[in-house]
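Survey of secondary and tertiary structure
Listed here are the chains, written in short residue letters.
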Protein chains: 2
Amino acid sequence: MNLILLSGGSGKRLWPLSNDIRSKQFIKLFKNQDDYESMVQRVYRQIKKADADAVVTIATSRSQVSAIHNQLGDSVGISVEPCRRDTFPAIALATAYLHDVQGVSADESVVVCPVDPYVNDDYFECLKALCEQADKGEANLVLMGIQPTYPSEKYGYIIPKTDERVSYVSTFKEKPDVKTAESYIAEGALWNGGVFAYKIGYVLSKAHELIDFKDYYDLFAKYDTLTKISFDYAVVEKESRIQVLRFAGEWKDIGTWNTLTEAMDEQSIGDVMMNDSCENVHVINELGVPVLAMGLKDVVISASSDGILVSDKESSSYIKPFVDKIDRQIMFAEKSWGSFRVISVEEESLVINVTLNKGHFMNYHSHQHRDEVWVVVSGSGRTLIDGVYGSINVGDVVKMKAGCKHTVFADTQLKLVEVQLGKDITVHDKTKHAIKE
Amino acid sequence: MNLILLSGGSGKRLWPLSNDIRSKQFIKLFKNQDDYESMVQRVYRQIKKADADAVVTIATSRSQVSAIHNQLGDSVGISVEPCRRDTFPAIALATAYLHDVQGVSADESVVVCPVDPYVNDDYFECLKALCEQADKGEANLVLMGIQPTYPSEKYGYIIPKTDERVSYVSTFKEKPDVKTAESYIAEGALWNGGVFAYKIGYVLSKAHELIDFKDYYDLFAKYDTLTKISFDYAVVEKESRIQVLRFAGEWKDIGTWNTLTEAMDEQSIGDVMMNDSCENVHVINELGVPVLAMGLKDVVISASSDGILVSDKESSSYIKPFVDKIDRQIMFAEKSWGSFRVISVEEESLVINVTLNKGHFMNYHSHQHRDEVWVVVSGSGRTLIDGVYGSINVGDVVKMKAGCKHTVFADTQLKLVEVQLGKDITVHDKTKHAIKE
């Protein structure tokens with residue numbers, strides 16, 4: 001099975017756990033044995049269980065590449081959108097990537113689906129069925145139609161021609177109000193969850209119709225010149241040969257604290273105490289200090305390095321305008337080489353816990369406006385400072401003046417305390433350099 | 001006016017703002033012009049306003065001395081109890097301190113009162129009146145009788161002989177149930193708020209009757225051998241010549257989050273956002289990240305380096321058993337030289353923000369089991385490291401191996417990031433050393 005997972009943008013609706021660089025799909029909230037996994041990790045694990053040979057390509061922006069490598073390893077395919085150009089260019093680019101980089105034949109089918117559905121294994125069996133249905137060539141597109149459980153206003157609806165498991169599509173309906181949704185469901189309508197399969201050649205030919213390009217590399221190079229246009233508008237609405245395949249299993253779209261806490265296996269994650277009079281309370285605590293919840297009802301509490309949310313569950317769907325007002329430094333991020341957490345912000349200094357994973361290193365870089373000091377608190381590694389190699393161990397201190405080029409390679413997992421010093425400390429003050437051997 | 005302020009022990013009822021070394025009276029929660037002051041600071045300021053020449057002695061344990069000097073400066077008198085021995089030994093020691101150290105005559109009167117009443121200026125006028133009444137010598141003890149505002153079960157009651165402003169006391173009553181309290185109040189009873197005045201010579205002679213000691217220094221030296229006994233039991237219950245002076249002004253005993261938030265001038269302190277649907281919500285946020293409260297009712301939120309409390313206000317009186325379970329490192333403390341805040345705890349390292357006030361220095365000390373690194377992030381100062389003097393400025397790094405003797409003197413306000421490294425990091429691993437000139 002070939003899969004394109006669409007990994008969307010920054011989600012402020014799950015603040016303070018999501019932020020400009022940590023989208024909701026990367027938050028580790030779901031119990032898997034003794035550990036927690038993110039939505040991305042959960043879905044990827046479920047895919048590999050359904051089909052160990054699945055060729056997975058994640059279509060995403062540059063800002064998520066580090067987090068994806070950190071959470072899924074280096075073997076997953078990533079089709080990086082150089083900038084945001086809506087779903088048609090993104091799907092065209094990822095399809096070209098599968099064909100030209102991964103070497104998948106134009107005759108093979110591929111399934112496109114969001115990276116973050118909260119679903120069980122039967123969902124992935126259905127993805128395989130979608131792929132097989134597309135292979136038959138009875139239609140140019142095969143959509144998943146999700147059996148509605150209530151008259152939702154949040155989804156578009158698909159009206160099938162028949163009530164068979166696989167049917168041609170009669171028509172599509174935009175997100176309706178509740179009354180209209182009820183009438184659609186009475187007619188046998190299905191939710192459109194944005195999951196569909198097609199033969200690679202089909203979307204490539206559609207892409208060549210609309211865009212002048214040679215191959216993946218060429219499309220990638222001119223990506224910023226492309227018109228913003230949705231896949232629905234460019235392809236689906238103009239296509240007459242579309243089938244829908246019914247899916248009646250559990251399917252949750254986790255986009256708010258309210259829906260997310262419904263999917264949690266436990267009342268709390270992290271260092272949390274609750275008294276007996278708490279009712280329908282969920283606490284997610286990423287901080288190193290305890291949270292004590294007493295006498296609360298229908299409340300979600302979420303604490304991270306970015307802030308603390310305490311909200312009635314109903315109200316928690318409306319946090320976005322408040323969170324938009326918060327203009328803060330990113331306090332926690334996962335990078336391809338490990339992660340960092342800002343632990344103290346002062347007027348002219350910043351203290352950061354930096355963790356490098358074993359065998360990884362950061363870019364060789366320098367800063368114009370700040371000095372930095374590293375104190376090694378755990379592990380060992382090798383430094384490159386202004387062209388000079390050195391080795392570091394617990395207790396060692398490295399001082400880097402503004403302009404000094406530096407990087408560190410982790411021989412074991414390596415933990416540093418980084419102190420940044422200067423008047424204009426910003427993430428943008430960073431120049432990358434080539435390492436001369 | 002001579003005043004002994006009794007400064008009590010650690011208050012876990014206001015966790016996470018109070019902890020084993022920061023008692024509730026030191027938390028800065030009360031608005032005074034553009035700044036916030038603690039209960040201790042508020043009371044001290046009110047005393048000095050009522051009587052600029054008041055001789056104030058704070059009777060307290062060793063653990064509070066640093067915080068008192070930090071908040072009130074070095075000129076306030078402190079009678080340090082070497083260990084806890086109940087109120088009679090504490091009052092005897094403080095009285096001897098006034099006589100033998102501060103040079104107050106045995107004929108003069110002194111008022112004893114708790115350090116943390118939430119009151120207005122009329123309370124301090126009443127303290128003066130108590131002192132003047134004691135000066136008259138009509139009674140050996142003059143108590144403040146607070147006009148009850150409701151039949152409280154939390155206080156003892158004083159039954160006066162007459163309904164005059166000053167009256168001899170008929171009898172004392174233990175904390176009653178509500179019904180009994182109602183009947184006391186109908187009889188004209190007053191609350192006993194633990195405030196009283198006496199002539200210094202009176203309590204000294206009582207002390208000499210019960211304890212064999214020469215003077216303050218002798219009493220201090222043998223303090224740990226004294227029997228634990230309350231002032232009520234040792235003196236009040238055996239004394240027949242007691243007067244009570246009525247006080248009808250505002251008087252609040254702030255001991256729980258519930259009563260504390262009632263006394264707050266604002267809904268929130270710190271970086272806090274609240275939506276319009278929040279009702280009777282108070283947020284105190286000492287952390288450097290925002291708190292967002294949405295759709296809550298009758299809730300108190302308090303966030304500090306020690307933890308986060310989110311509680312229904314009613315339930316907030318019952319936090320103690322939960323907080324008792326938390327066995328954690330102190331994360332924030334005010335010292336005589338400044339303050340420290342733990343910003344990161346890892347298995348074998350700790351990162352601390354240290355602030356030294358201008359002109360202050362810490363003890364010359366060493367640690368047996370940990371190395372330390374200082375990174376100067378603001379200000380300048382002078383170090384003494386294993387007998388060698390040096391000077392430090394922003395960006396400088398000082399490395400101290402286990403066993404290394406060290407201290408630093410702040411020429412300006414001085415901020416350090418301290419990294420502690422080792423397997424057994426504890427506050428008890430500290431040896432003080434004399435500085436040889």
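Below, the structure is looked at part by part.

Reading the values: the criteria
Residues numbered from 1 in each chain as written. Chains lettered and ligands numbered in written order. Predicted model: local features only at pLDDT ≥ 70, side-chain atom pairs only at ≥ 80, totals over all residues. Heavy atoms only, no water. Helix = DSSP H or I, 4+ residues; strand = E, 2+ residues; numbered from the N terminus. Rg over C-alpha atoms; globule rule 2.2 N^0.38 Å. Buried < 20%, exposed > 50% of the residue type's maximum accessible area, 1.4 Å probe, protein only. Contact = heavy atoms within 4.5 Å. Salt bridge = Lys/Arg side-chain N within 4 Å of Asp/Glu carboxyl O. Pairing = 2+ DSSP bridges. Axes fitted to C-alpha atoms, helices over the stretch in contact; angles between N-to-C directions. Parallel < 35°, antiparallel > 145°, perpendicular 65-115°, else oblique. Left-handed = near helix turned anticlockwise from the far one by under 90°. Core = buried A, V, L, I, M, F, W, Y, C linked by side-chain atoms within 4.5 Å. Patch = residues over 30% accessible without salt bridge, like charges linked within 9 Å, V, L, I, M, F, W, Y side chains within 5 Å. Areas by Shrake-Rupley, 256 points an atom, 1.4 Å probe, with all protein chains shown as cover. Lys, Arg positive; Asp, Glu negative; His and termini not counted. Charge placed at Lys NZ, Arg CZ, Asp CG, Glu CD. Buried area = accessible area lost by both parts, 1.4 Å probe. Polar contact = N/O pair within 3.5 Å; in protein donor to acceptor, adjacent residues only side chain to side chain. Nonpolar A, V, L, I, M, F, W, Y, C, P; charged D, E, K, R; others polar. Least-squares fit on C-alpha atoms with pLDDT ≥ 70 in both.

Further remarks concern the overall build of chain A. Across its full length, chain A holds ten helices and 30 strands. Relative to the globule expectation of 22 Å for 437 residues, the C-alpha radius of gyration of chain A, 24 Å, shows essentially globular dimensions. Taking all 437 residues of chain A together, the buried fraction comes to 54%. A separation of at least 24 residues holds for 65% of the contacts in chain A among residues at least 6 apart in sequence.

The full count for this structure, using the stated rule, is 30 salt bridges over all chains. For Arg 382 of chain A, the salt bridge identified is with Asp 411 of chain A, shortest N-O distance 2.6 Å. In this pair, Arg 382 of chain A is assigned in strand β25 (residues 381–385) and Asp 411 of chain A in the loop between β28 (406–410) and β29 (414–421), connecting sequence segments 29 residues apart. In this structure, Lys 31 of chain B engages Glu 266 of chain B in a salt bridge whose closest nitrogen and oxygen atoms are separated by 3.3 Å. On the criterion of sequence distance, the pair formed by Lys 31 of chain B in strand β2 (residues 30–32) and Glu 266 of chain B in the loop between α9 (257–263) and β14 (268–269) is long-range, its members being 235 residues apart. The class of Lys 31 of chain B is partly exposed, set by a relative accessible area of 35%. Using a relative accessible area of 25% as the deciding quantity, one classes Glu 266 of chain B as partly exposed.

On to the sheet that holds strand β27 (residues 397–400) of chain A. Paired through backbone hydrogen bonds, the strands of a sheet run either parallel or antiparallel to each other. Residue and element names in this part refer to chain A. On the basis of which strands lie adjacent, the open sheet formed by six strands has the order β20-β21-β22-β29-β24-β27 and antiparallel pairing. Bordering the open sheet on either side are β20 (332–335) and β27, each of which pairs with just one other strand. Neighbour-to-neighbour, the strand axes of this sheet turn through a mean angle of 20°, independent of strand direction. Strand direction decides the pairing type here: strand β22 (residues 349–356) and β29, joined by eight bridges, are antiparallel. Of the residues in β29, the one forming a bridge with Thr 355 is Lys 415. Lying over the sheet, helix α2 (residues 65–72) contacts β20 and β21 (338–346), oriented at roughly 70° with respect to β20.

All names here are of chain A. Running from N to C, helix α3 (residues 87–100) and helix α6 (residues 200–210) cross one another at 125°; their axes reach a closest spacing of 9 Å. In terms of orientation, α3 and α6 fall into the oblique class. Crossing hand, α3 versus α6: left-handed. Residue-level contacts link Phe 88, Ile 91, Ala 92, Thr 95, Ala 96, Leu 98 and His 99 of α3 to Ile 200, Val 203, Leu 204, Lys 206, Ala 207 and Leu 210 of α6.

This next bit is on the nonpolar core. Formed by 48 residues in total, the largest nonpolar core has its most connected members in Leu 296 and Ile 301 of chain A together with Leu 296, Ile 301, Leu 356 and Leu 416 of chain B. Considering every element that reaches this core, the biggest residue donor is strand β22 (residues 349–356) of chain B, with four residues. If sequence neighbours within four positions are ignored, Ile 301 of chain B has contacts with Val 310 of chain A together with His 282, Val 283, Ile 284, Val 291, Ala 293, Leu 296, Leu 309 and Val 310 of chain B.

Residue and element names in this part refer to chain A. Together, Asp 107, Glu 108, Glu 132 and Asp 135 make up a negatively charged patch on the protein surface. Considering the arrangement of structural elements, one finds Asp 135 in helix α4 (residues 121–136). On the basis of relative accessible area, Asp 135 is assigned to the partly exposed category, the value being 40%.

Take the interface of chain B and chain A next. Contacts between chain B and chain A engage 53 residues on the former and 53 residues on the latter. When chain B packs against chain A, close to 3900 Å² is buried across both sides, 72% of that on carbon and sulfur atoms. Taken together, chain B and chain A are joined by two salt bridges. For Lys 415 of chain A, the salt bridge goes to Glu 346 of chain B, with nearest N and O atoms at 2.9 Å. Where chain B meets chain A, there are 14 residue pairs in polar contact (both at pLDDT 80 or more). With six residues, the top contributor of residues to the side of chain B that touches chain A is strand β19 (residues 307–312) of chain B. Grouping the amino acids of the side of chain B that touches chain A by side-chain chemistry returns 34 nonpolar, twelve polar and seven charged. Examined bridge by bridge, strand β17 (residues 291–294) of chain A and β19 of chain B share four bridges and lie parallel to one another. The partner of Val 291 of chain A across the bridge, within β19 of chain B, is Ile 308 of chain B.

What follows concerns the sheet that holds strand β29 (residues 414–421) of chain B. Residue and element names in this part refer to chain B. Strand order in the open sheet formed by six strands is β20-β21-β22-β29-β24-β27, with antiparallel pairing between adjacent strands. Both edges of this open sheet fall to β20 (332–335) and β27 (397–400), since each of them pairs with a single strand only. Recorded for the sheet is a direction-independent mean angle of 20° between the axes of neighbouring strands. Note that strand β21 (residues 338–346) and β22 share eight bridges and pair antiparallel. Looking at β22, one finds that Ser 344 is bridged to Val 351. In this fold helix α2 (residues 65–72) packs onto β20 and β21, with an angle of close to 70° to the strand it touches most, β20.

This paragraph deals with the relation of the copies chain B and chain A. In screw terms, the move from chain B to chain A is a rotation of 179° and a rise of 0.0 Å along the axis, fitting with an RMSD of 0.1 Å. Accordingly, the operation relating the two chain copies is best matched by a two-fold axis. Minimal C-alpha separation from the rotation axis in chain B is found for Ile 343 of chain B, amounting to 2.9 Å. The overlap is high: 100% of the interface residues of chain B also sit at the interface in chain A, so the same surface is used on both sides.

Right, let's talk about the pairing of β25 of chain A for a bit. Residue and element names in this part refer to chain A. With four of its five residues buried, β25 lies for the most part within the structure. Both β25 and strand β26 (residues 388–392) contribute to a ladder of five bridges, which runs antiparallel. By the bridge assignment for β26, Leu 384 is matched with Tyr 389. Between the antiparallel neighbours β25 and β26 lie two residues, among them Asp 386 with a positive phi of about 50°.

Our next topic: unusual backbone geometry. In this chain, Trp 15 of chain A is followed by Pro 16 of chain A through a cis amide linkage whose omega measures 5°. You can see Pro 16 of chain A is positioned in the loop between β1 (2–6) and β2 (30–32). With a phi close to 55°, Asp 298 of chain B is a non-glycine residue in the positive phi region. Structurally, Asp 298 of chain B is set in the loop between β17 (291–294) and β18 (299–304).

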